[in-house]
There are 2 protein chains.
Amino acid sequence: MDRQRTEKNEDASARERPTLKTLAFMTGLGVTTVSRALKDAPEIGAETRRRVQLVAKQIGYRPNRAGVRLRTGKTNVISLVLNTEQEIMSFVSDIIYGVTEVIADTPYHLIVTPYSRSQDPLDPVRYLVETGSADGVIISRTQPNDPRARYMLERGIPFATHGRTDMGLVHPYHDFDNYAFAAEAVRHLAGMGRRRLALVTPPVGLSYYRHTVDGFADALSEAGASEVPFNIVSIDHSMEQIRTRTAQLMRRDIRPDGIISSAAAATLAIVAGIEDAGLKLGHDVDVVSKQSSDLLHLFRHELLVVNEDFRLAGSELARSVLGWIGGAAPGSLQSLSEPKGVVAYRGSD
Amino acid sequence: MDRQRTEKNEDASARERPTLKTLAFMTGLGVTTVSRALKDAPEIGAETRRRVQLVAKQIGYRPNRAGVRLRTGKTNVISLVLNTEQEIMSFVSDIIYGVTEVIADTPYHLIVTPYSRSQDPLDPVRYLVETGSADGVIISRTQPNDPRARYMLERGIPFATHGRTDMGLVHPYHDFDNYAFAAEAVRHLAGMGRRRLALVTPPVGLSYYRHTVDGFADALSEAGASEVPFNIVSIDHSMEQIRTRTAQLMRRDIRPDGIISSAAAATLAIVAGIEDAGLKLGHDVDVVSKQSSDLLHLFRHELLVVNEDFRLAGSELARSVLGWIGGAAPGSLQSLSEPKGVVAYRGSD
DNA sequence: CCAATATACTGAAACGTTACAGATTGCCAA
DNA sequence: TTGGCAATCTGTAACGTTTCAGTATATTGG
């Protein structure tokens with residue numbers, strides 16, 4: 001018969017997860033000492049510290065997240081807030097990988113907090129803050145005057161935005177220089193002799209809408225080209241809509257001879273629309289498009305592309321949030337990614 | 001001068017998050033009673049129950065996750081385990097949305113647990129189980145003999161796999177019927193008069209590799225068509241490789257007049273390869289491809305597609321895991337999604 | 001040699017929750 | 001009246017962690 005155990009931790013063969021108590025029993029120390037030894041507190045003797053850390057490593061001790069979280073309030077969680085309908089597809093995938101890349105060797109977990117088109121974008125953020133579910137938050141689809149950023153700033157929770165705001169408030173962000181993108185695109189098209197340019201914009205209301213439109217407008221006047229208004233669509237519209245309206249546009253007398261597109265998926269529809277109208281890409285019209293993965297050149301060789309790296313964005317955003325959590329100044333955690341230029345197909349045909 | 005507060009919860013105006021203690025103070029009951037009233041325990045009077053729940057709703061009480069987790073071990077977390085390099089892009093995005101859709105009105109959070117090509121796929125799963133970080137796990141890239149499934153079955157942690165296993169063990173899964181996909185694709189091509197078919201397979205080693213290859217082979221002999229071996233690539237290869245090797249294949253004397261592709265991205269490369277070889281899609285060769293978002297027909301009208309719905313997969317997987325957690329029999333939580341048939345372009349030109 | 005102080009360690013309390021083992025009340029059968 | 005019992009409610013302990021307020025021992029200065 002087994003002798004009844006009085007203390008569960010006396011049974012070293014117990015297959016249960018080790019806790020500080022286990023370590024304390026094994027080393028003959030108190031739990032307080034063990035706790036401090038593990039985090040290199042100064043008032044612990046050097047040898048004791050080493051001994052504790054050795055044993056901890058040996059038996060694979062890992063702090064219980066719930067314990068830590070309950071006691072300290074620290075969740076070790078970063079939350080990525082995503083719109084479940086309107087995000088660019090590769091954005092979701094790449095930004096997640098970018099984030100996980102950075103937090104891989106930290107104790108942080110990534111949770112994805114979704115919200116739908118019909119919800120107030122502030123809802124998920126409010127939930128996270130009110131329930132204290134995360135130490136840091138990453139949001140996308142940033143607006144010039146973004147209530148979410150303002151809210152989190154008020155509540156003092158670290159966050160980073162994908163895209164800049166324009167509220168006179170300082171916070172970490174990562175952004176792609178869409179002003180430069182649009183301007184370079186215009187210059188490139190102008191350099192090819194294109195004179196009447198149309199722009200398929202980002203969603204109206206988001207910060208990078210303005211940046212893109214401004215870059216487009218400034219470069220346009222500088223290059224002496226003119227705009228063919230095409231405000232009827234943005235990249236948030238369905239492929240169907242973009243396609244039909246592009247076809248309509250291209251059938252008009254004064255049609256653009258150059259189009260700039262802010263997203264790859266929209267570009268597929270734009271090209272379809274161009275061809276629906278019986279025109280030829282690269283001949284009647286040239287298209288410069290942003291893309292985040294290298295697909296467009298397989299689609300049509302004639303396309304001109306500018307690459308935006310969402311994985312990089314994810315990494316930068318994660319770094320920013322972690323930095324803020326770690327006490328860095330929010331103003332020092334901002335980054336802007338410059339387009340690498342318009343690239344034409346340099347392929348095997 | 002403010003009277004010093006002896007109990008923090010006596011100060012009803014405190015802006016702090018309400019706990020059971022707060023509710024207990026407000027209702028004049030004990031915390032135990034409040035706790036039970038909130039979860040509809042039978043030994044609580046009907047009026048008390050209503051009263052407690054009313055107050056709880058009024059002040060916006062939400063259980064502290066760390067408290068629950070520490071006490072009960074329940075994490076209220078579902079973990080989605082993803083390979084950071086080899087997943088299909090739209091898969092990541094769609095499956096996440098599918099999962100979040102289902103867990104939206106549950107207390108569950110979704111955490112994404114990544115692993116890289118160089119890691120043992122068992123690593124992240126082992127981590128999750130050892131640290132008790134999730135109540136349920138979803139894995140993809142399932143293998144016929146999958147160590148992860150075996151491991152989780154041994155440890156008794158609820159999970160669901162995207163793709164079936166073949167170990168004689170029963171567990172929840174969701175799968176797309178890739179046997180049917182390949183067979184239908186073959187039949188469709190044969191019906192068009194195509195006789196020499198090549199298959200671009202899923203990654204060798206994954207469960208759906210076998211299903212796809214079997215469906216291909218069976219339908220092939222049934223239709224009296226022949227296979228042009230093309231084992232040199234799978235959809236896990238780079239676009240470059242697929243493209244080059246397709247071009248090589250298509251330049252040979254005995255080249256396929258029909259190709260079946262298991263993923264949209266690969267299809268882009270395949271088509272590029274076909275055109276590199278100077279052949280015309282829809283004329284010299286037809287291609288049937290799986291896709292998960294409606295892009296391929298914009299790419300080339302001549303493509304034949306079969307749709308796979310990853311968002312549905314995400315929902316089904318989440319439902320399965322929640323079901324298992326909720327006590328349902330694992331064997332009753334399996335689903336297979338049938339292809340809706342090969343669809344040709346029915347577009348506007 | 002004593003007091004002061006530095007060094008190394010420790011127990012108890014608390015975070016918010018649930019489970020266990022009562023406690024109190026009212027009602028009914030005997 | 002009393003014992004039994006159902007119906008409600010309650011205090012305490014525990015989950016694993018960190019922090020507070022110590023304690024014990026060795027070391028130093030005078």
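A quick note: this is a predicted structure, and the numbers were derived from the prediction, not measured.

Visitor: Is there a simple way to think about the protein's contact with DNA strand C in this case?
Guide: Around DNA strand C there are 26 residues in total, and Gly30(A), Thr33(A), Thr48(A), Tyr61(B) and Arg71(B) lie nearest to it. The protein-proximal atoms of DNA strand C, defined as those within 4 Å of the protein, are 59% sugar or phosphate. Residue Ser35(B) places a side-chain N or O atom 2.7 Å away from a phosphate oxygen belonging to DNA strand C. Within the residue set of the surface near DNA strand C, elements represented by two or more residues are helix H2 (31-38) and helix H4 (65-72) of chain A together with helix H2 (31-38) and helix H4 (65-72) of chain B. Per element, the largest residue contribution to the surface near DNA strand C is 4 residues, and it comes from H4(B).

Visitor: Any chance you could explain the protein's contact with DNA strand D here in plain terms?
Guide: Neighbouring DNA strand D are 26 residues; Leu20(A), Tyr61(A), Arg71(A), Thr32(B) and Thr33(B) lie closest to it. Of everything in DNA strand D that lies within 4 Å of the protein, sugar and phosphate atoms constitute 58%. With respect to DNA strand D, the side chain of Ser35(A) contributes an N or O atom lying 2.7 Å from a phosphate oxygen. Separating a phosphate oxygen of DNA strand D from a side-chain N or O atom of Thr33(B) is a distance of 2.6 Å. Elements with a minimum of two residues in the surface near DNA strand D: H2 and H4 of chain A together with H2 and H4 of chain B. Its residues placed into classes, the surface near DNA strand D shows 7 nonpolar, 12 polar and 7 charged.

Visitor: How should I be thinking about helix H9 (residues 207-223) of chain A in this particular structure?
Guide: A turn of α-helix holds 3.6 residues, and therefore any two residues three or four places apart point the same way. Residue and element names in this part refer to chain A. In this model H9 runs 25 Å from its N-terminal to its C-terminal C-alpha over 17 residues, within 8% of the 24 Å that 1.5 Å per residue would give. Of the positions making up H9, those classed as buried are Ser207, Tyr208, Tyr209, His211, Thr212, Val213, Gly215, Phe216, Ala219 and Leu220. Glycine 224 occupies a position one or two residues after H9 and carries a positive phi of about 70°.

Visitor: Is there a simple way to explain the packing of aromatic side chains in this structure?
Guide: Aromatic rings in a pair are described by how distant their centres are and how their planes are angled relative to each other. This structure, assessed with the given rule, holds 5 aromatic pairs over all chains. When the ring of Phe91(B) is compared with that of Phe310(B), the centres are 5.1 Å apart and the planes differ by 85°; the resulting orientation is edge-to-face. Of the two residues, Phe91(B) is situated in helix H5 (residues 89-103) and Phe310(B) in helix H13 (residues 310-325); the sequence distance between them amounts to 219 residues. Accessibility classification places Phe91(B) together with Phe310(B) in one group, the buried group. Consider the rings of Phe159(B) and Trp324(B), whose centres lie 5.4 Å apart with planes at 50°: the pair is tilted. Of this pair, Phe159(B) sits in strand S4 (residues 159-162) while Trp324(B) is found in helix H13, placing the two residues 165 residues apart along the sequence. Across this residue pair, the class does not change: Phe159(B) and Trp324(B) are buried. Geometry around Phe299(A) places Arg300(A) over its ring, the cationic atom sitting 4.5 Å from the centre.

Visitor: Whenever I open this one, the interface of chain A and chain B confuses me. Can you help?
Guide: How big an interface is tends to be expressed through the accessible area that disappears when the partners come together. Taken together, the 45 residues of chain A in the interface contact 45 residues of chain B. Between chain A and chain B lies a buried interface of about 4000 Å² when both sides are counted; carbon and sulfur atoms form 61% of it. Three residues stand out in chain A for area buried against chain B, namely Met89(A), Tyr97(A) and Leu298(A), and they jointly supply 17% of the buried area on that side. Where chain A packs against chain B, one counts 14 residue pairs in polar contact (both at pLDDT 80 or more). Elements supplying a minimum of two residues to the side of chain A that touches chain B: H4, strand S1 (77-83), helix H5 (89-103), strand S2 (109-115), helix H6 (122-130), helix H10 (239-251), helix H11 (264-276) and helix H12 (296-299) of chain A. Along the lines of polarity and charge, the residues of the side of chain A that touches chain B split into 20 nonpolar, 13 polar and 12 charged.

Visitor: Looking at this structure, how should I read a nonpolar patch on the surface?
Guide: Taken together, Phe25(A), Met26(A) and Ile59(A) make up a surface patch of nonpolar side chains, about 270 Å² in accessible area. With respect to the helices and strands, the residue Phe25(A) is situated in helix H1 (residues 20-27).

Visitor: Honestly, the environment of Phe181(A) in this entry has me stumped. Any pointers?
Guide: Residue and element names in this part refer to chain A. By the element assignment, phenylalanine 181 lies in helix H8 (residues 178-191). Taking relative accessible area as the criterion, phenylalanine 181 reaches 0% and is therefore assigned buried. The spatial distance from the C-alpha of phenylalanine 181 to the C-alpha of glycine 341 is 7.7 Å, given a sequence separation of 160 residues. Among all residues touching phenylalanine 181, those that are not within four sequence positions of it are Phe176, Ile260, Ser261, Ser262, Val288, Ser289, Lys290, Val306 and Pro339.

Scoring rules and cut-offs
Residues numbered from 1 in each chain as written. Chains lettered and ligands numbered in written order. Predicted model: local features only at pLDDT ≥ 70, side-chain atom pairs only at ≥ 80, totals over all residues. Heavy atoms only, no water. Near = heavy atom within 4 Å. Polar contact = N/O pair within 3.5 Å; in protein donor to acceptor, adjacent residues only side chain to side chain. Helix = DSSP H or I, 4+ residues; strand = E, 2+ residues; numbered from the N terminus. Nonpolar A, V, L, I, M, F, W, Y, C, P; charged D, E, K, R; others polar. Expected span 1.5 Å × (residues − 1). Buried < 20%, exposed > 50% of the residue type's maximum accessible area, 1.4 Å probe, protein only. Phe/Tyr/Trp six-rings, centres within 6.5 Å; stacked < 30°, edge-to-face > 60°. Lys NZ or Arg CZ within 6 Å of the ring centre and 35° of its normal. Contact = heavy atoms within 4.5 Å. Buried area = accessible area lost by both parts, 1.4 Å probe. Patch = residues over 30% accessible without salt bridge, like charges linked within 9 Å, V, L, I, M, F, W, Y side chains within 5 Å. Areas by Shrake-Rupley, 256 points an atom, 1.4 Å probe, with all protein chains shown as cover. Salt bridge = Lys/Arg side-chain N within 4 Å of Asp/Glu carboxyl O.

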